[in-house]
Amino acid sequence: MKITAVNTHLLSAKLSQPFAYSRARYDTRTAMLVEIVTDQGLVGWGECYGPARITKAVVEELGQMLIGEDALRSEFLWQELYARLRDHGQKGVVIQGLSGIDIALWDLRGKYFGVPTYQLLGGATRTEVQAYATGLYRRDSGDPLHYLCEEAAGYIEQGFQAMKLKVGFGVREDAAVTRAIRNTIGEDAALMIDANHAYDAIAAIRLGREVEELDIGWFEEPVPPEDLAGYRAVKAAIDIPVAGGECEFTRYGFREVLTQQAMDIIQPDICAAGGLSECKKIADMAQAFGVRVNPHVWGSGIGIAASLQWMATVPTHTPTSLQPVQPLLEFDQTEHPIRQAIIAEPIVQQKGWVQIPNGPGLGIEINRDA
Ligand code: CA
C-alpha cells in the first residue's frame, strides 16, 4: 500500500464565548488534520496538537519523504522522519507534526486489515473508558465562584463522576474555588486540579497543602515542564498525586521523567508525544516504573478517537485483579465547533463512560463537508 499524497487541513472556528486558563485566553479553536492517501484508495487521518500553522509546515516538510513509501512500515517511517529533523526538533512542534502522520498511518493500517487499530496494538484491555470532564475555565465576566460551581453541577447532572478544575490564579483564590467546587459536587465525584505550570515549586506546595484535605485526584502541571526537580519537590511535599507530561515528547523525554521519578501520573498527548507508535512505548515504560498513564486529550474527534484506540490498550494502573484502577479519558467539554462536526458519528459519554469505537482503523468516518 503505497503513499501517494500527504494532505494537511487547517481548520479554525470562532468561539461564541472566549475562555481562559492560567496562561492564555482563547477566542478561536483550531485543528490541524493530516490526511494520507494511498494507491489502494484507502485514506488515513491524523491530528497534530500544537500551533496549527507550524505543525502544518512540519507535516508538509516531512510528508514529501513519504511519497511512494509503504504505509504499513510505520515503525520504520517514524524512525526516518524523526532522524530527518532530529538535530532541530527532538521536542515540540516537530514531534507534534510527526504525531499526526503516525496516527494517520495507524488509521490506514487498521483499515487495510479491516480491524480497529487497537486490535493491531495487541488487542483491547477494555472496550469503554470512564471520562472526566475538562472544563471549569475562566470567563471574561462574572464571579468564578458562582459560574464555576454552576458548571460543575451541570457535569454531575450530565452523568460525569469526575472533572478537572483550572487553577493557577493565585494560591488563595485557587484554594477558595477548589473548596467551593468540592462542596458543590459532593464527596463521591472525583476532582482534579490543573495549574498549566503557572507556579514554581514554592507556590505549588502551598496550594497543594491548602487543598490536600479536599481529596484531589491529582495536581496537574504544578510547575514548568523543564523543572523536573520542581516536580520532585512538589511530589515529596504534598499528599496529592502529581501529574504532568502534556508538554513532554517521545520515549526519550519520558525516559527522563520516569528515571527521575518526577511524576506519579504521566499524561502524554497522542497528537503531540509521537503518535500511537510512541505512546504505546511510553505507556509500557511507565508500567515498568510503576507510574500511571492518563492521556492528555485536547483536539477534534480524530484526536479523541486516536486516544481511545490507544486507551483500549493502556495497562491497568494497579495490577490485574478483580477491581484494578483503570486509566481515565480526558473529555474536553469546552466549546469546540470542529470537535464533533468533522466526524459522522459523535463520540459521546453516557453516565460518564465512553465506548471505544470498534470500526476499522480509528473507528470514525470523516465528514468532509464540515
Ligand atoms: Ca492540562
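See the structure above.
Residues numbered from 1 in each chain as written. Predicted model: local features only at pLDDT ≥ 70, side-chain atom pairs only at ≥ 80, totals over all residues. Heavy atoms only, no water.

Enquirer: I'd love a proper account of unusual backbone geometry, names of residues and values included.
Expert: With a phi angle near 45°, His-197 is a residue other than glycine that sits in the positive phi range. Its identity is not glycine, yet Glu-221 carries a phi of approximately 40°, on the positive side. For Glu-221, the position within the fold is in the loop between strand 7 (216-220) and helix 8 (228-237). Given the relative accessible area of 1%, Glu-221 is considered buried. (Helix = DSSP H or I, 4+ residues; strand = E, 2+ residues; numbered from the N terminus. Buried < 20%, exposed > 50% of the residue type's maximum accessible area, 1.4 Å probe, protein only.)

Enquirer: Explain the packing of aromatic side chains to me, using residue names and the numbers behind them.
Expert: Applying the stated rule across the entire model yields 11 aromatic pairs. With a centroid separation of 5.3 Å and 85° between ring planes, the pair formed by Tyr-132 and Trp-218 is classed as edge-to-face. In this pair, Tyr-132 is assigned in strand 4 (residues 128-134) and Trp-218 in strand 7, connecting sequence segments 86 residues apart. Trp-218 shares its class with Tyr-132; the two are buried. Judged by centre distance (6.0 Å) and plane angle (35°), the rings of Tyr-137 and Trp-298 are tilted. Here the residue Tyr-137 occupies a position in the loop between strand 4 and helix 5 (144-157), and Trp-298 occupies one in the loop between strand 10 (292-293) and helix 11 (301-311), the gap between them amounting to 161 residues. Feature note: the residues Phe-19, Tyr-21, Tyr-26, Tyr-137 and Trp-298 constitute an aromatic cluster, connected by ring pairs. The positively charged end of Arg-73 is found above the aromatic ring belonging to Phe-76, 3.9 Å away from the centroid. When the ring centre of Trp-78 is taken as origin, the NZ or CZ atom of Arg-251, which lies over that ring, is 5.2 Å away. (Phe/Tyr/Trp six-rings, centres within 6.5 Å; stacked < 30°, edge-to-face > 60°. Lys NZ or Arg CZ within 6 Å of the ring centre and 35° of its normal.)

Enquirer: An account of the side chain of Asp-107 is requested, with residue identities and associated values reported.
Expert: Among the structural elements, Asp-107 can be located in helix 3 (residues 93-113). Polar contacts involving the side chain of Asp-107 include one to the main-chain amide nitrogen of Leu-362, which spans 2.9 Å. When sequence neighbours within four positions are dropped, the list of residues in contact with Asp-107 reads Val-43, Gly-44, Trp-45, Thr-117, Pro-360, Gly-361 and Leu-362. (Polar contact = N/O pair within 3.5 Å; in protein donor to acceptor, adjacent residues only side chain to side chain. Contact = heavy atoms within 4.5 Å.)

Enquirer: Kindly report on the nonpolar core, identifying the contributing residues and their values.
Expert: As a rule of thumb, nonpolar side chains are buried together in soluble globular proteins. Formed by 84 residues in total, the largest nonpolar core has its most connected members in Leu-165, Ile-181, Leu-207, Phe-219, Ile-266 and Leu-329. For Leu-329, the contacting residues outside a window of four places in its chain are Val-129, Gln-130, Ala-131, Tyr-132, Val-297, Leu-308, Met-311 and Val-354. Among the nonpolar cores identified, the runner-up in size contains 27 residues, and Ile-3, Val-58, Leu-108 and Ala-272 belong to it. (Core = buried A, V, L, I, M, F, W, Y, C linked by side-chain atoms within 4.5 Å.)

Enquirer: Which residues make up the coordination of the calcium ion, and what values go with them?
Expert: Coordination of the calcium ion by the protein is provided by Asp-194 (OD), Glu-220 (OE) and Glu-246 (OE), with metal-donor distances spanning 2.2 to 2.4 Å. Exposure remark for Asp-194: the relative accessible area of 1% places this residue in the buried category. (Donors = N, O, S within 2.8 Å, 3.2 Å for Na, K, Ca; no water.)

Enquirer: Would you mind going over the pairing of strand 6 (residues 190-194) in detail, with residue names and values included?
Expert: Of all 5 residues making up strand 6, 4 are buried, and the element is well covered by its neighbours. Where the polypeptide runs from strand 5 (residues 162-166) across helix 6 (residues 171-185) and back to strand 6, its parallel neighbour, the crossover connection is right-handed. By the bridge criterion, 3 bridges tie strand 6 to strand 7 in an arrangement that is parallel. Considered in strand 7, the bridge of Leu-191 is made with Ile-216. This β-α-β element, strand 6 to helix 7 (residues 201-211) to strand 7, shows right-handed connectivity. (Right-handed = clockwise from strand over helix to strand, strands pointing away. Pairing = 2+ DSSP bridges.)

Enquirer: Give a detailed account of a nonpolar patch on the surface, specifying residues and quantitative values.
Expert: A contiguous nonpolar surface patch, about 270 Å² in accessible area, is contributed by Tyr-112, Phe-113 and Leu-120. Secondary-structure assignment places Leu-120 in helix 4 (residues 117-120). (Patch = residues over 30% accessible without salt bridge, like charges linked within 9 Å, V, L, I, M, F, W, Y side chains within 5 Å. Areas by Shrake-Rupley, 256 points an atom, 1.4 Å probe, with all protein chains shown as cover. Salt bridge = Lys/Arg side-chain N within 4 Å of Asp/Glu carboxyl O.)

Enquirer: How would you explain the environment of Glu-345 if you had to name every residue and give the values?
Expert: Topologically, Glu-345 is positioned in the loop between strand 11 (328-332) and strand 12 (353-355). Sequence separation between Glu-345 and Gly-363 is 18 residues, and the spatial gap between their C-alpha atoms is 9.9 Å.

Enquirer: How would you summarise the packing of helix 3 against helix 10 (residues 275-288) if you had to cite specific residues and measurements?
Expert: Between helix 3 and helix 10, the least distance of the axes is 6 Å, while the angle of their chain directions is 95°. One finds that helix 3 runs roughly perpendicular with respect to helix 10. Residues Ser-99, Asp-102, Ile-103 and Trp-106 of helix 3 touch helix 10, and the partners they reach there are Gly-275, Leu-276 and Ser-277. A class-by-class count of the residues in the contact of helix 3 with helix 10 yields 3 nonpolar, 3 polar and 1 charged. (Axes fitted to C-alpha atoms, helices over the stretch in contact; angles between N-to-C directions. Parallel < 35°, antiparallel > 145°, perpendicular 65-115°, else oblique. Nonpolar A, V, L, I, M, F, W, Y, C, P; charged D, E, K, R; others polar.)

Without other data, these values stay purely geometric and don't point to any function.
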